[in-house]
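Listed below are the residues making up each chain.
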Amino acid sequence: MDETLENDHRSSPRTWMWAALVLQLFGLALDALWHGLINPNFEAVTADQMVTHLSTVHLPIYIGVLSVLVSTTWALVDQMRQSKLGVAMPIAFAGALVSTIGEIWHAYTHLQLNTHSGPIAGTMSSLGLIVVVTALWLSDRRGAGGAQQRNLYERRRA
């Protein structure tokens, strides 16, 4: 493969989107492990304790969510500049926004020492993540299928 094309592929917005999604999933897994096994009875009683908790245990989730939002925005803008805007990137961007809003809501309610709406906000964030993964996965499959069709067409012409 041409080295230029290989480098372009590694620095593409889609590659960064997948990396950001992996980071967000890692953060969610770490959070589930921490809350489920390591410290299942944790309950912050002061705002300082909650800030410490959110800035440690939840930090990988926040970095992942923001990375997904940034990389999805990059992919959307990139497609708009190239006049190749399909359906997948706007849907993925919307999913990233939903996930980000869910995590902001989740953090805000936790900082108020109110954990009652946490599951709803967490579910909202997870649904946004699922939308991003699904849109990206389906567009990757469609793109690969389209490339296979083009290669078949070119071989038939030759």
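Throughout what follows, the structure given in this document is the object of discussion. (Residues numbered from 1 in each chain as written. Predicted model: local features only at pLDDT ≥ 70, side-chain atom pairs only at ≥ 80, totals over all residues. Heavy atoms only, no water.)

### Here we look at the overall build of the protein
Part 1 of the argument: Helix and strand counts for the protein stand at six helices and zero strands.
Part 2 of the argument: Starting at the N terminus, the α and β elements of the protein follow one another as α-α-α-α-α-α.
Part 3 of the argument: A total of 158 residues make up the protein; the buried ones form 32% of that total.
Part 4 of the argument: The long-range fraction of contacts in the protein, counting pairs at least 24 apart against all pairs at least 6 apart in sequence, stands at 73%.
Part 5 of the argument: Looking at the protein as shown, the accessible area adds up to about 10,100 Å², and 65% of this sits on carbon and sulfur atoms. (Helix = DSSP H or I, 4+ residues; strand = E, 2+ residues; numbered from the N terminus. Buried < 20%, exposed > 50% of the residue type's maximum accessible area, 1.4 Å probe, protein only. Contact = heavy atoms within 4.5 Å. Areas by Shrake-Rupley, 256 points an atom, 1.4 Å probe, with all protein chains shown as cover.)

### Brief notes about a nonpolar patch on the surface
Part 1 of the argument: Together, Phe 26, Leu 30, Leu 33, Leu 37 and Ile 38 give the surface a local cluster of nonpolar side chains, amounting to about 500 Å² of exposed area.
Part 2 of the argument: Position of Phe 26 relative to the elements: it lies in helix H2 (residues 13–38). (Patch = residues over 30% accessible without salt bridge, like charges linked within 9 Å, V, L, I, M, F, W, Y side chains within 5 Å. Salt bridge = Lys/Arg side-chain N within 4 Å of Asp/Glu carboxyl O.)

### Concerning the packing of helix H3 (residues 47–56) against helix H4 (residues 59–81)
Part 1 of the argument: As a packed pair, H3 and H4 sit with axes 5 Å apart at the nearest point and diverge in direction by 55°. Classified by the angle between their axes, H3 and H4 sit oblique to one another. Note on element contacts: H4 touches H3 through Leu 59, Pro 60 and Tyr 62, opposite Leu 54, Ser 55 and Thr 56.
Part 2 of the argument: For the contact of H3 with H4, the residue count by class is four nonpolar, two polar and no charged. (Axes fitted to C-alpha atoms, helices over the stretch in contact; angles between N-to-C directions. Parallel < 35°, antiparallel > 145°, perpendicular 65-115°, else oblique. Nonpolar A, V, L, I, M, F, W, Y, C, P; charged D, E, K, R; others polar.)

### A short note on the pattern of salt bridges
Part 1 of the argument: If you walk through the whole model with that rule in mind, you get one salt bridge.
Part 2 of the argument: Across the salt bridge formed by Arg 14 and Asp 140, the nearest N and O atoms sit 2.3 Å from each other. Taken together, the residues Arg 14 in helix H2 and Asp 140 in helix H6 (residues 118–157) connect sequence positions 126 residues apart.
Part 3 of the argument: On the accessibility criterion, Arg 14 (23% relative accessible area) is partly exposed.
Part 4 of the argument: Of the residues examined, Asp 140 reaches a relative accessible area of 27% and is grouped as partly exposed.

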